[in-house]
Amino acid sequence: MKPRHLAGATSPPAGPYDADIVILAFDRLAETEAAIASALAQTGVVRHLTVVDQGSAPEVVARLTEIVHGRRDATLVSLGANGGVPAGRNAGSAFGHGRAIVALDNDAEFATTTTVQSAVAAIDEDPGLAAVGFRIVEHATGRDDLSSWGYPAALLPRTGDTFGAVTFVGAGHVIRRAAWEQAGGYDAALFFCWEEYDFCLRAIQRGWQVRYRGDIVVRHKVSAERRVAWSGNRWFHFVRNRLLIERKWGASWPRLAPRVVGYAIRGMRHGHVSATVRAVAAAAALGRAAGRQRLSDAARHYVACNDRAHRGSLQRRFGSVQAGG
């Protein structure tokens, strides 16, 4: 799906620069306008903003075009339809060549005008970092947005700290472009849910590390508009993608049986039996096509130390639905 240029700069800066900021647009006009304003207010870095529209209503596209028109530090492109979060972020990231790729949800804003500067500094300070996940707080209250907590529940008391991780939350994060290119970006087939975890595993396999930084903050409005509810479609992608990722990394179905049973129980509890069955079948079909590999010993050790050590029993892990749990 090739993006079509709609407004703003036809290309990013010609020479080296610090960061590309990527925002996906799909209606939510008021929230998207605020996200764009937040991105354009960032100081202390040379940055380029790319807004990728994924099928918004004509009046929304017209307003976004008006906002970006004539700017040299921003570009609006359109994919024409919703091809999913991974495909949209891939398109936005590929448009630029800044050494850092900063993503912001279109219902979120950077907490300060120097948030991107702090994010770029975080990866500049540690050449082994592939990505850094930001702290996500509720826009209205400043409290931690628990719906966007993608890490083990045992780490919730450390929301303001820094720790090693095996994923990040898409609402706000930075990726080193060198790691992005080496790992191959996002898997567009995932469409929605777990794409960050999938990317991180490929980066970790290549020797990179991932970190959570509680001092780099994004304020999230948790907009209901265009949000896929925890029913049907969202649950389908949650289950399908998680099982598919395990299959891609060599897990057998017998090994996955406890996870499948856990999803089945949760699906029955919330009335998603059909979605669960479809998700398991889809994971099996896609897994055959995707092929399988195994994590290196070093990568398995990294995952064990930075994720599984905090997870606890399967019963505890399947007791609640988390963004990255």
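Going by the structure above, here's the rest.
If you're wondering where the values come from, they're calculated on a predicted model, not measured in any experiment.

Draft legend 1. A look at the pattern of salt bridges. All chains considered together, the criterion is met by 23 salt bridges. R202 is paired through a salt bridge with D198; the nearest N and O atoms lie 2.8 Å apart. Within this pair, R202 and its partner D198 are both found in helix α6 (residues 195-205), separated by four residues, close to a single helical turn. The residues R202 and D198 share a single accessibility class, namely buried. Each of R89, D105, E195 and E196 takes part in one network of salt bridges that share partners.

Draft legend 2. Region of the structure containing a nonpolar patch on the surface. Nonpolar side chains collect at one region of the surface, where V261, I265, M268, V273 and V277 lie side by side and expose about 460 Å² of accessible area between them. Elements with a contribution of two residues or more to the nonpolar patch: α8 (253-269) and α9 (273-290). Tallying contributions element by element places α8 first for the nonpolar patch, with three residues. With respect to the secondary-structure elements, I265 resides in helix α8. Classification of I265 as partly exposed rests on a relative accessible area of 42%.

Draft legend 3. Seen up close, the packing of helix α1 (residues 29-40) against helix α2 (residues 58-68). Axis separation between α1 and α2 bottoms out at 11 Å; the angle between their running directions is 20°. Comparing their axes, α2 and α1 come out roughly parallel. Crossing of α1 over α2 shows right-handed handedness. Contacts between α1 and α2 involve L29, T32, E33 and I36 on the former and, on the latter, V60, R63, L64 and I67. Residue composition of the contact of α1 with α2, grouped by class: five nonpolar, one polar and two charged.

Rules and cut-offs
Residues numbered from 1 in each chain as written. Predicted model: local features only at pLDDT ≥ 70, side-chain atom pairs only at ≥ 80, totals over all residues. Heavy atoms only, no water. Salt bridge = Lys/Arg side-chain N within 4 Å of Asp/Glu carboxyl O. Helix = DSSP H or I, 4+ residues; strand = E, 2+ residues; numbered from the N terminus. Buried < 20%, exposed > 50% of the residue type's maximum accessible area, 1.4 Å probe, protein only. Patch = residues over 30% accessible without salt bridge, like charges linked within 9 Å, V, L, I, M, F, W, Y side chains within 5 Å. Areas by Shrake-Rupley, 256 points an atom, 1.4 Å probe, with all protein chains shown as cover. Axes fitted to C-alpha atoms, helices over the stretch in contact; angles between N-to-C directions. Parallel < 35°, antiparallel > 145°, perpendicular 65-115°, else oblique. Left-handed = near helix turned anticlockwise from the far one by under 90°. Contact = heavy atoms within 4.5 Å. Nonpolar A, V, L, I, M, F, W, Y, C, P; charged D, E, K, R; others polar.

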